[in-house]
Each structure stands twice: as C-alpha cells, then as structure tokens.
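# Structural overview for review
Next come the chains, spelled out residue by residue.
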Amino acid sequence: MAADIIDGKAFAAGLRETVGVHAAAFAERAGRKAGLAVVLVGEDPASQVYVRSKHRATVEAGMESFEHRLPADTAEAALLALVERLNADPAVDGILVQLPLPGHLDEQAVIAAISPDKDVDGFHVTNAGRLAVGQDGFVPCTPLGCMMLLSDRLGDLSGLEAVVIGRSNIVGKPMAQLLLGANATVTIAHSRTKDLPGVVRRADIVVAAVGRAEMVKADWLKPGATVIDVGINRLPPVPGSDKGRLVGDVDFAGARDVAGAITPVPGGVGPMTIAVLLRNTLVAAYRNEGLDLPEGAL
Ligand code: NAP
C-alpha cells in the first residue's frame, strides 16, 4: 500500500491561521502588534526571495514586519550596531538575520549579538543550550516544524527508534534534541556513519537533512516507517526546460511503496519553516510583554 502523504502545506496553513488569531488577541491586549525585524545584507537572490516571503507572511498574520536591507559591503560594526538597536527596540519581538552573510562578516559573532529572547531563529548558543537541557527557549524553525508534523502523525513518540541523517546546527542537531525530548531513541547519522542503509533500516522515524538528491533509497527503510524529508535539491534541467525539478533527500517514488507516511518535496517540510517563524515571533511577543499565551495555543 502506498504511504500516506504528510501534507506540510496544509498543516502550515492551519498553523498560520492559528498564529493570526492569537496575533490579533495579542495586539488587543498589548496595544501594539507583535513585530519581526528581518535583516538582509547584500543581494543574494535566494535570500531576497526568502526575505520577501517572510515579510508577506508576517503582515498576513497581522504582525509588524521591519525590513532592514544593508549593502553587501556593510562593515561588521555597523551590522552589530543595528542588531543592538533592534535588541533595545520594544516594538521588535523577533530578530532574524538572513544567512548566509557576505564572507567578510562573522556569522557567529552576529548571531551572538542577538538577544536570546528575540532570537526567533533559535540559533543563539543560549537557545541551543536551553534546548539541550530542556528549558524553554527558541527552537530552530525547520526542526520544530518537523516535530509538529511527527507529533500530529504519530502522537506519542516514546520508545520509537528515530534516525536523523545530518548533524548541522540548524537542522540535524536540534532535530535530534527534540526527538530525545519526546522520549524517542535517537541516532544521529552523518557523512562518516558506517553502513548508513543498515542504520536507517532500524528506524520507525527517519529525518533526512543532508542536501543530497534522492540519496535515501526505498530499500533502506523499515516497512511502515514515517519519513520526514528536509532536503531541498534542484536536479539538472531536462532538455527543453530552463529549471530542473526540486527533489528531497529521499527517493520519494520508491519510498512511497515502503514507508507508512512521508513528506513530499515540495509541499512537506518547506512551508512549515515560515509558519514556525511566525509562531516563534508571536511567542516572543507574549513573553516580552509578560503575557501568558492561552494554554496549548501554539
Ligand atoms: P548541511 O549543513 O550541509 O549539513 C548536511 C549534513 O548532511 C551534514 O551533517 C553532513 O555530514 C551530512 N551528510 C552529507 N553527506 C552525507 C552522506 N553521504 N551520508 C550521510 N550524511 C551526509 O545542511 P543543512 O543546512 O542541515 O540542510 C540539509 C538539507 O536540508 C539541505 O538540502 C537544505 O537545503 C535543506 N533545508 C531545508 C529547509 C526547509 O525549510 N525545508 C531548511 C533548512 C535546510 P557531516 O557533518 O559529516 O559533514
């Protein structure tokens, strides 16, 4: 039987609607809208697209969007000074510095300058530490979105075998922490893992965050496994088209015959990332105003 498709697009739309409802309630109680500041340095085309869609989604959710576009040759001191101003600005609840930064800027230093309480991307070491020790903080948007899809699909994850392929700070490691926090038995695989197919075959839950087109094959999967495909890879264009197809890290067509459920690419994890960014910004706004979000709201 073909695997169920986990519809991240629909889930993300629902989450954005819920955020919108609570953003309106926040504005009523706080006397101002929740605010997200996005900083873009330079003119990287992909980053410009991301920043535009974040702006649109923020406004659609009834929140304030503050965009700061700086030239590619911006000095680090100027960028750090802007971050400091945003840290101090009571209208700004969340700060996001779009990565990658131009090569002369130290990304770690810039992330470290963001107030952890406004770090809605969850990249600050304080938030990574909070996640590791199980304290409330901000969790990176993509893995938190994956976790929401998994919880929705599977309910209680206690005792399930989970294999995360990839150990980046923005996806793989926080994903593994979230799964551990939910009492799964977690293995993190990476480029030095021996017998990756054998490791993946143990998994009830597979999260692939590698960046290699269709690397995970159907015969690596345990029948019935739940597969979350984070990868976004563009295949070379076929003759007659100018753009290649987008595919994930999992061979979707093959995996559908073995998995119990799987996220498609596109339309799976991708739409969750912005929805969770809006969610994190709203949570930041409630916390910054000392207000309680209604129980179980988000
Ligand atoms: P990354 O920083 O490049 O990390 C890739 C990870 O994959 C590394 O840990 C690497 O291992 C591991 N890896 C590479 N080749 C491997 C192999 N042959 N076997 C096993 N593991 C291997 O990437 P990332 O930022 O985590 O992103 C991963 C993918 O997710 C990319 O396709 C990216 O575009 C996508 N992504 C999607 C979203 C979204 O919104 N849907 C958000 C973020 C990222 P080592 O550590 O040993 O090098």
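See the structure above.
Not measured: the values here are computed from a predicted model.

## Overview of the site of the ligand
Near the ligand you find 22 residues, and of these R167, S168, S191, R212 and T273 are the closest. A distance of 2.8 Å separates an oxygen atom of the ligand from a polar atom in the side chain of T273. Taking 930 Å² as the accessible area of the ligand by itself, protein coverage stands at 70%. Among the residues forming the shell around the ligand, the class breakdown is 10 nonpolar, 10 polar and two charged.

## Some thoughts on the nonpolar core
In this structure, L179, V207 and I228 are the most contacted members of the largest nonpolar core, which totals 54 residues. Breaking this core down by element, the ones donating at least two residues are α1 (8-30), β2 (35-41), α2 (45-60), α6 (141-154), β5 (161-165), α7 (172-181), β7 (205-208) and α10 (270-288). Residue contributions to this core peak at 11 residues, all from α10. Within the second largest apolar cluster, 19 residues are counted, among which are A3, V206, A255 and I262.

## Things to note about the sheet that holds strand β3 (residues 64-70)
For sheets, the rule is that strands pair by backbone hydrogen bonds, running either parallel or antiparallel. Spatially, three strands are ordered β3-β2-β4 in an open sheet, and the strand pairing comes out parallel. For this open sheet the edge positions go to β3 and β4 (94-97), each flanked by a neighbour on one side alone. Across this sheet, the average inter-strand angle for adjacent strands is 15°, counted without regard to direction. Pairing analysis gives four bridges linking β2 to β4, with the strands arranged parallel. Following the sheet pairing, V38 is matched in β4 by L96.

## Brief notes about empty space enclosed by the protein
Counted under the stated rule, the structure contains one cavity of 30 Å³ or more. Estimated volume of the largest cavity: approximately 50 Å³. Lining the largest cavity, in full, are I95, L96, V97, L99, I111, I114, D119, D121 and F123. It is β4 that provides the largest number of residues to the lining of the largest cavity, a total of three residues. Grouping the amino acids of the lining of the largest cavity by side-chain chemistry returns seven nonpolar, no polar and two charged.

## Concerning the sheet that holds strand β11 (residues 261-262)
Ordered in space as β1-β11-β8-β7-β5-β6, the six strands form an open sheet in which the pairing is parallel. Each end of this open sheet is capped by a strand with a single partner; those strands are β1 (4-5) and β6 (185-189). Here β5 pairs with β6 via five bridges, running parallel. Looking across to β6, one finds that V163 is bridged to T187. Seen against the sheet, α6 touches β1, β7, β8 (226-229) and β11 and runs at an angle of roughly 160° to β8. Packed onto the sheet, α7 meets β5, β6 and β7 and runs at close to 170° relative to β5.

## Concerning the packing of aromatic side chains
Counted according to the given criterion, the structure contains one aromatic pair. Above the face of the F138 ring, R287 is positioned so that its terminal group lies 5.0 Å from the ring centre.

## A word on the pairing of β7
The side-chain alternation of β7 yields two buried faces, one formed by I205 and V207 and the other by V206 and A208. The sheet contact formed by β5 and β7 spans four bridges and is parallel. Each bridged residue has a counterpart across the sheet, and for I165 the counterpart in β7 is A208. By the bridge criterion, four bridges tie β7 to β8 in an arrangement that is parallel.

Criteria and thresholds
- Residues numbered from 1 in each chain as written.
- Predicted model: local features only at pLDDT ≥ 70, side-chain atom pairs only at ≥ 80, totals over all residues.
- Heavy atoms only, no water.
- Near = heavy atom within 4 Å.
- Polar contact = N/O pair within 3.5 Å; in protein donor to acceptor, adjacent residues only side chain to side chain.
- Areas by Shrake-Rupley, 256 points an atom, 1.4 Å probe, with all protein chains shown as cover.
- Nonpolar A, V, L, I, M, F, W, Y, C, P; charged D, E, K, R; others polar.
- Core = buried A, V, L, I, M, F, W, Y, C linked by side-chain atoms within 4.5 Å.
- Buried < 20%, exposed > 50% of the residue type's maximum accessible area, 1.4 Å probe, protein only.
- Helix = DSSP H or I, 4+ residues; strand = E, 2+ residues; numbered from the N terminus.
- Pairing = 2+ DSSP bridges.
- Axes fitted to C-alpha atoms, helices over the stretch in contact; angles between N-to-C directions.
- 1 Å grid on protein atoms, 1.4 Å probe; cavity = no way out; pocket = protein on both sides within 12 Å on 5 of 7 lines; lining within 4 Å.
- Points joined across faces, edges and corners; volume = space filled by probe spheres on them.
- Contact = heavy atoms within 4.5 Å.
- Phe/Tyr/Trp six-rings, centres within 6.5 Å; stacked < 30°, edge-to-face > 60°.
- Lys NZ or Arg CZ within 6 Å of the ring centre and 35° of its normal.

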